[in-house]
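Secondary and tertiary structure notes
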Amino acid sequence: MKEITRKKIRITDTTLRDAHQSLWATRMRTDDILKIASEIDDAGFYSLECWGGATFDVCMRFLRENPWERLRRIKKACPKTPLQMLLRGQNILGYRHYPDDIVERFVALACENGMDIFRVFDALNDPRNLEVAIASVKKYGGHAQGTICYTTSPVHTVENYVKLAKEQEAMGIDSLAIKDMAGILTPGAARELVAALVKAMPEMPIQIHSHMTSGMASAMYMAGAEAGAGCVDCAISTMSSFSSQPPTESIVSILESEGFDTGLDQVKLAKINNYFKELKKKRQPASSSKVEAVDAGVLVHAIPGGMISNLRSQLAQQDALDRLDEVLAELPNARADLGYPPLVTPTSQIVGVQSVLNVLSGKRYSMVTDETKKYAAGYYGRTPAPIDPKLRKKLCGGLKAIDCRPADLLKPGLAAAAEELPANTIQAEEDILSYALFPEVALGYFKWRNADPAKREPIPADVEEAAQASAASAPQAAAAAKPSAGAANAVEGTPVTAPLNGTFYRSDAPGKPDMAADGATVKAGDAVCVVEAMKLFNPIKAPAGGKITFVAEHGKAVTKGQVVAVIA
């Protein structure tokens, strides 16, 4: 009998990044990772996705950890397997565009600290937003993986995806990922797209990333592999499925039964999985444990895996989890209004939060985030389809629309960030980059880090876990008291109230002057302060004209309906 040559197919493990971002709202700690890192390193994966996405800011804000230290420690513990990160092009890891000098220096330091493979994407598939990030990865010796953010709409065709891939090939990418954020890529569409890419770029390695949200990803991976894809993203079984990636163990069995060689050992995988089975008992948020195994609704609303768990959490913070179905119904409508953007960070956040506001406010686009305004005006890049001119004008407000590469309008920002930071807060150059990306979050972390350990405020993640454990042991406990609806009526003058639960700010960015001074005269409709909710900034407008007096404290949490200022 003739021996059949087995075709090699590689597997990237996403357990340490996308899996826990999708299932656990990014709650995995560095120590959790290090306890199993050597076994994962020894398993034979092509790469370990362990950084980027939401892990960076959550490390500082919620876990009180240094994300750069996490990277260094994982690299030391995993010398055999390349480390991989998700880089949002000109957005780096944030929700806005950063100057070119910050993009380049971030990539340089990531390489120095141990990053090997950079999956570079842009939420709008605007190649102009990929140029500097890809060039920087190549300059500092990393592997630059270009990306197609997959979605469906009247303007997203195989021909356009191939054109996008060829543009990235010209930029010098080393491989190409098809990023199916929501799990909506069907086996037939995958076969057609991969075949077209292989034909157009026969020497380019193709990798497929997907989520099990719709239940299709395993079948789609098989179709993609048969069409010529050489690598797929998976998560260890306990951390897989739902809105995460397909299970590694199952995909290994499927592929190997069809004549592919994955190079992975099921015995080693079982040991890794047993570890995460135990960890799950401590780390999985209560809200995530209630999700359905398959959400066929994603075929309509197309929310990516990482967004699903965050959306539930954000609605819960607004005491509006019962309105999730309304938000999911609004999402495809808002997406169409905004030019059919692929739903991946930051556009998933922008469209998702705007959909939440459209539902909670009772009137579509009566509340518009700063990010939605900038998106409509072109500050995130070119939308896949044009926005209706009348709606675009309404969304932009007084913001001037642009057509150029957004980062061309930005001044270099690294030196300014270094000057703004108090000297006693900086321990390394990496701190300057952390601040440049997430000013408020980084300052909060630096303040906590510099405090006497005996006097530090509790780690937010610990507080959440304790509250979750307490709720589980005493399910009948009374709910926390909320501000009474009549509180505003007791204040003399016209109250300015928080439209959402969140963090109250007098200015719209660190170091900027207050939007309205205490005692200043304001006009009805003036933006006077901000509530940061669901990671986006929501301007609060004066409901009347007159003299304004603030009663809420800058940087402190506020609840929906709470009076933050009074106009008399």
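This one's a predicted model, so the numbers in the text were calculated from it and none came from an experiment. (Residues numbered from 1 in each chain as written. Predicted model: local features only at pLDDT ≥ 70, side-chain atom pairs only at ≥ 80, totals over all residues. Heavy atoms only, no water.)

A few points about the nonpolar core
Trp51, Phe106, Phe118, Leu197, Phe276 and Val564 are the most contacted members of the largest nonpolar core, which has 157 residues in total. Phenylalanine 118 has contacts with Met85, Leu87, Val107, Ala110, Cys111, Val137, Gly142, His143, Ala144 and Gln145, leaving out every residue within four places of it along the chain. Within the second largest apolar cluster, six residues are counted, among which are Leu86, Phe121, Ala123 and Val344. (Core = buried A, V, L, I, M, F, W, Y, C linked by side-chain atoms within 4.5 Å. Buried < 20%, exposed > 50% of the residue type's maximum accessible area, 1.4 Å probe, protein only. Contact = heavy atoms within 4.5 Å.)

Examining the packing of helix 11 (residues 248-257) against helix 12 (residues 266-283)
Look at helix 11 against helix 12: their axes get within 10 Å of each other, and the N-to-C directions meet at 165°. Considering their axes alone, helix 11 and helix 12 lie roughly antiparallel with respect to each other. Seen from above, helix 11 lies across helix 12 with left-handed handedness. Residues Thr248, Glu249, Val252 and Ser253 of helix 11 touch helix 12, and the partners they reach there are Gln266, Leu269 and Asn273. Partitioned by chemical class, the residues of the contact of helix 11 with helix 12 number two nonpolar, four polar and one charged. (Axes fitted to C-alpha atoms, helices over the stretch in contact; angles between N-to-C directions. Helix = DSSP H or I, 4+ residues; strand = E, 2+ residues; numbered from the N terminus. Parallel < 35°, antiparallel > 145°, perpendicular 65-115°, else oblique. Left-handed = near helix turned anticlockwise from the far one by under 90°. Nonpolar A, V, L, I, M, F, W, Y, C, P; charged D, E, K, R; others polar.)

Regarding the sheet that holds strand 3 (residues 47-52)
Read around the closed barrel, eight strands run 2-3-4-5-6-7-8-9, paired in parallel fashion. Geometrically, the sheet is characterised by an average inter-axis angle of 30° between neighbouring strands, direction not taken into account. Pairing of strand 4 (residues 83-87) with strand 5 (residues 117-120) involves four bridges; the strand directions are parallel. Each residue of the ladder has a partner; that of leucine 87, found in strand 5, is valine 120. (Pairing = 2+ DSSP bridges.)

Some words on the packing of helix 9 (residues 187-200) against helix 10 (residues 217-227)
The description of two helices packed together rests on the angle between their axes and the distance between the axes. Remark: helix 9 packs on helix 10, axes separated minimally by 8 Å, with the N-to-C direction vectors making an angle of 25°. As the angle between them shows, helix 9 and helix 10 are arranged roughly parallel. The way helix 9 lies across helix 10 gives a crossing that is right-handed. Together, Pro187, Ala190, Arg191, Val194, Ala195 and Val198 of helix 9 and Ala219, Met220, Ala223, Gly224, Glu226 and Ala227 of helix 10 make up the contact between the two elements.

Some words on the pattern of salt bridges
All chains considered together, the criterion is met by 33 salt bridges. Linking glutamate 39 and lysine 271 is a salt bridge whose minimum nitrogen-to-oxygen distance equals 3.7 Å. Of the two residues, glutamate 39 sits in helix 3 (residues 37-41) while lysine 271 sits in helix 12, which places them 232 residues apart along the sequence. Three or more residues joined by partner-sharing salt bridges are found here, namely Arg29, Asp32, Arg283, Asp462 and Glu465. (Salt bridge = Lys/Arg side-chain N within 4 Å of Asp/Glu carboxyl O.)

Some words on unusual backbone geometry
Only a minority of non-glycine residues have a phi that is not negative, and only a minority of peptide bonds are not trans. Note that the residue after threonine 345, namely proline 346, is joined by a cis bond; omega there is 5°. Structurally, the position occupied by proline 346 is in the loop between helix 15 (324-337) and helix 16 (347-360). A positive phi angle, close to 55°, is found at aspartate 319, a residue other than glycine. Along the polypeptide, aspartate 319 turns up in the loop between helix 14 (305-317) and helix 15. For tyrosine 365, which is not glycine, the phi dihedral falls at a positive 65°. In this fold, tyrosine 365 is placed in the loop between helix 16 and helix 17 (370-376).

Description of helix 9
Taking 1.5 Å per residue as the helical rise, helix 9 with its 14 residues ought to reach 20 Å, and the 20 Å between its terminal C-alpha atoms agrees with that figure. Here helix 9 has its buried residues at Ala190, Leu193, Val194 and Leu197. One face of helix 9 carries all of its buried residues, which in axial projection span an arc of 95°. Contacts from the buried residues of helix 9 go to strand 6 (143-149), helix 8 (158-171), strand 7 (175-179), strand 8 (206-209) and helix 10. (Expected span 1.5 Å × (residues − 1). Arc of directions from axis to C-beta.)

A short note on the pairing of strand 14 (residues 527-533)
Across the seven residues of strand 14, five count as buried, placing the element largely inside the fold. Sheet topology note: the strand 12 (residues 502-505)/strand 14 ladder contains three bridges and is antiparallel. Along strand 14, the bridge assignment pairs tyrosine 505 with valine 530.

Things to note about the sheet that holds strand 15 (residues 536-541)
Pairing in this open sheet of four strands is antiparallel, and the strands run 15-14-12-17 from one edge to the other. Two strands in the sheet have a free side with no partner beyond their single neighbour: strand 15 and strand 17 (557-558). The sheet contact formed by strand 14 and strand 15 spans six bridges and is antiparallel. For glutamate 532, the partnering residue across the bridge sits in strand 15 and is phenylalanine 537.

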